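Coordinate analysis (summary)
Here is how the chains run, residue by residue.
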Amino acid sequence: MPGGFVPRGPPVPAYHPPAPAPGGGAGNKRACRFGQGCTRQDCYFAHPEGRTIDGSAKPGGGGGRSAPQYRPMQPHYQPIQQAMSALQIKKETWYANARNCTCCKGFVYGCTTPACAAQEECTCSKPLAAGEGEAAEAPVWAEGAVVVDTLDACKEACAALAKEAAVAMDIEGVDLNRNGKVCVIQIAASKDGKVYLFDISTLGKGAMEEGGLKALLENAAVEKLLYDCRADSDALFHIYGVELENIADIQVLYTRWLSNDDKFLHGLQKALSESGIISEADLAAVEKVKATGKQLFAPEKGGSYDVWEKRPLHESLVNYCVADVKYLFEMKAKWGSVVADDELKKISQERMDKTTKAEAVLNGPQMAMRDI
């Protein structure tokens, strides 16, 4: 690489800024290489000729390459394919510290400005990407998290949380649904913000009955805040017989707050980025925490979901768990007026029931479509 520049810290792979309007890429001038054949629902790049998937393709348009066809690869070609993938990942890697660069928008090695393209990197965002500008240091939340891995500790934590008016929760696991594994259940207290990480891989079903976790989750006097309750509730109901009570799905609030023209659901990280409840520096720190965690467990980033079952739990994964529940209380306060509380509870319950009472696991592209 010219100049020998290497960005500090692990890169944040393939982050795409706020989702575009149907047809994709409303805020990006760079054309998608797949043209009308693009099949990525949240594609950030521009599609001037429209897309077949949106029903907006212009006659005679096309352009770009056909969408990739996934077929078995012959071993002889794997090294070439891997090298091409590594190059593409490098170009599509987004650096949080360089996100405000007017030239590359954070895509340091994918900048299309002629002067930068000739250098194979964005020359004006070097200081930011190298950390000489505003740094996005990962917070050390792991030190304040309470790992619950004994039945006595489980009973004590559940007793403390049962005194809360509301808790925020999320679940991490392998193939998280009725056919998968629950590895960690993280629950944050509303009073002091303390986050308990219930180590289900270690405690097993004992955490639910003897440990008191099932009674807590089914306690109607304690409100449970989640972001997208569907997969979590499906796993809890079918694996442990737990039917969550008094749930408030924050994804419902965020989706209702968005324009009705948006036909897709969006994840927690995008909702947090648009909430305005934290500073740009804190948001960049959260993005770094999430990216670091995904590098450990996401197969497409070289990780493995099995890492959730290794003990002791990696500190980066503890941080990841905390990030998923840390801001849910503030997000509910931000958007709570969008939907009346009774209606929010009703919609959240209906989402959960539709998932848990389905004859088979609900998954695939349909889960990304707006259902609220």
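Above this note sits the structure.
Described in the following lines is the structure provided in the data block. For clarity, every value in this text was computed on a predicted model and none was experimentally measured.

**Topic: the pattern of salt bridges**
- Across all of its chains, the model carries 17 salt bridges by this definition.
- A salt bridge links Lys155 to Glu210; the nearest nitrogen and oxygen atoms lie 4.0 Å apart. Pair noted here: Lys155 is in helix H4 (residues 151-161) and Glu210 is in the loop between helix H5 (200-203) and helix H6 (213-217), with a separation of 55 residues, a long-range link.
- The exposure class assigned to Glu210 is partly exposed, which follows from its relative accessible area of 48%.
- Lys345 is paired through a salt bridge with Asp341; the nearest N and O atoms lie 3.4 Å apart. One end of the pair is Lys345 and the other is Asp341, both in helix H13 (residues 341-356) and 4 residues apart, which spans about a single turn.
- A network of salt bridges, in which partner residues are shared, links Asp228, Arg230, Asp249, Arg351 and Asp371.

**A short note on the environment of Cys183**
- Mapping Cys183 onto the fold places it in strand E3 (residues 181-189).
- For Cys183, a relative accessible area of 0% corresponds to the buried category.
- C-alpha of Cys183 to C-alpha of Asp199: the two residues are 16 residues apart in sequence and 6.4 Å apart in space.
- Filtering out sequence-adjacent residues up to four positions away, Cys183 remains in contact with Glu172, Gly173, Val174, Phe198, Asp199, Ile200, Ser201, Trp308, Glu309 and Arg311.

**Notes on empty space enclosed by the protein**
- One pass over the structure, following the stated rule, counts 1 cavity of 30 Å³ or more.
- When its volume is computed, the largest cavity comes out at roughly 30 Å³.
- What lines the largest cavity is simply Leu268, Leu272, Ala323, Asp324, Tyr327, Leu328 and Met331.
- For the lining of the largest cavity, the secondary-structure elements that each account for two or more residues are helix H9 (268-275), helix H11 (315-326) and helix H12 (328-335).
- Residue composition of the lining of the largest cavity, grouped by class: 6 nonpolar, no polar and 1 charged.

**Description of the packing of aromatic side chains**
- Under the counting rule described, the total for this entry stands at 8 aromatic pairs.
- Residues Phe297 and Tyr305 carry aromatic rings whose centres are separated by 5.6 Å and whose planes lie at 35° to one another, so their mutual orientation is tilted.
- One Lys or Arg, Lys290, reaches over the ring of Tyr320 and ends 3.9 Å from the middle of that ring.
- If you follow Lys326 out to its NZ or CZ, it ends over the ring of Tyr327, 5.7 Å from the centre.

**Some words on unusual backbone geometry**
- At the junction of Arg311 and Pro312, the peptide bond is cis and its omega measures out at 0° in the coordinates.
- Turning to its location among the elements, Pro312 is positioned in the loop between helix H10 (280-297) and H11.
- Here Asp175, not a glycine, exhibits a phi torsion of approximately 50°, which is positive.
- You can call Asp175 exposed: its relative accessible area is 53%.

**Describing the sheet that holds E3**
- Reading across the sheet, the 6 strands line up as E1-E4-E3-E2-E5-E6 and stay open at both edges, with mixed pairing between neighbours. Strands with a single pairing partner mark the edges of an open sheet, and in this sheet they are strand E1 (146-148) and strand E6 (247-249). Going from strand to strand, the sheet's axes swing by 25° on average, the running direction of each strand aside.
- Inspection of the sheet shows E3 paired to strand E4 (residues 195-199) by 5 bridges, in the antiparallel sense. Of the residues in E4, the one forming a bridge with Ile185 is Phe198.

**A look at the packing of H9 against H12**
- Contact geometry for H9 and H12: axes closest at 11 Å, N-to-C directions at 60°. In terms of axis orientation, H9 runs oblique to H12. Crossing handedness for the pair H9 and H12: left-handed. In this structure, H9 uses Leu268, Ala271, Leu272, Glu274 and Ser275 to contact H12, whose residues at the interface are Leu328, Met331, Lys334 and Trp335.
- A class-by-class count of the residues in the contact of H9 with H12 yields 6 nonpolar, 1 polar and 2 charged.

**Quick look at the pairing of E4**
- Within E4, 5 of the 5 residues are buried, leaving the element largely enclosed by the surrounding structure.
- Across the two faces of E4 the burial is the same, with Val195, Leu197 and Asp199 and Tyr196 and Phe198 all buried.
- Judged from the 3 bridges that link them, E1 and E4 form a sheet pairing that is parallel. Across the sheet, Val148 pairs through a bridge with Phe198, a residue of E4.
- The hairpin turn running from E3 into E4, its antiparallel successor, is 5 residues long, and Gly193 in that turn takes a positive phi close to 75°.

**Re the environment of Cys154**
- Within the secondary structure, Cys154 sits in helix H4.
- By relative accessible area, Cys154 is classed as buried at 0%.
- Separated by 45 residues in sequence, Cys154 and Asp199 place their C-alpha atoms 9.2 Å apart.
- Apart from the residues within four sequence positions on either side, Cys154 is in contact with Val148, Phe198, Leu203, Ala207 and Gly211.

**Concerning the state of the cysteines**
- Taken as a whole, this structure holds 0 disulfides when the rule is applied.
- The closest cysteine sulfur to the non-disulfide-bonded Cys158 is located on Cys154, 4.2 Å from its own sulfur.
- Looking at the unpaired Cys321, the closest cysteine sulfur is the one in Cys183, lying at 9.8 Å.
- Judged by relative accessible area, which is 0%, Cys321 ranks as buried.

Basis of the calculations
Residues numbered from 1 in each chain as written. Predicted model: local features only at pLDDT ≥ 70, side-chain atom pairs only at ≥ 80, totals over all residues. Heavy atoms only, no water. Salt bridge = Lys/Arg side-chain N within 4 Å of Asp/Glu carboxyl O. Helix = DSSP H or I, 4+ residues; strand = E, 2+ residues; numbered from the N terminus. Buried < 20%, exposed > 50% of the residue type's maximum accessible area, 1.4 Å probe, protein only. Contact = heavy atoms within 4.5 Å. 1 Å grid on protein atoms, 1.4 Å probe; cavity = no way out; pocket = protein on both sides within 12 Å on 5 of 7 lines; lining within 4 Å. Points joined across faces, edges and corners; volume = space filled by probe spheres on them. Nonpolar A, V, L, I, M, F, W, Y, C, P; charged D, E, K, R; others polar. Phe/Tyr/Trp six-rings, centres within 6.5 Å; stacked < 30°, edge-to-face > 60°. Lys NZ or Arg CZ within 6 Å of the ring centre and 35° of its normal. Pairing = 2+ DSSP bridges. Axes fitted to C-alpha atoms, helices over the stretch in contact; angles between N-to-C directions. Parallel < 35°, antiparallel > 145°, perpendicular 65-115°, else oblique. Left-handed = near helix turned anticlockwise from the far one by under 90°. Disulfide = S-S within 2.5 Å.

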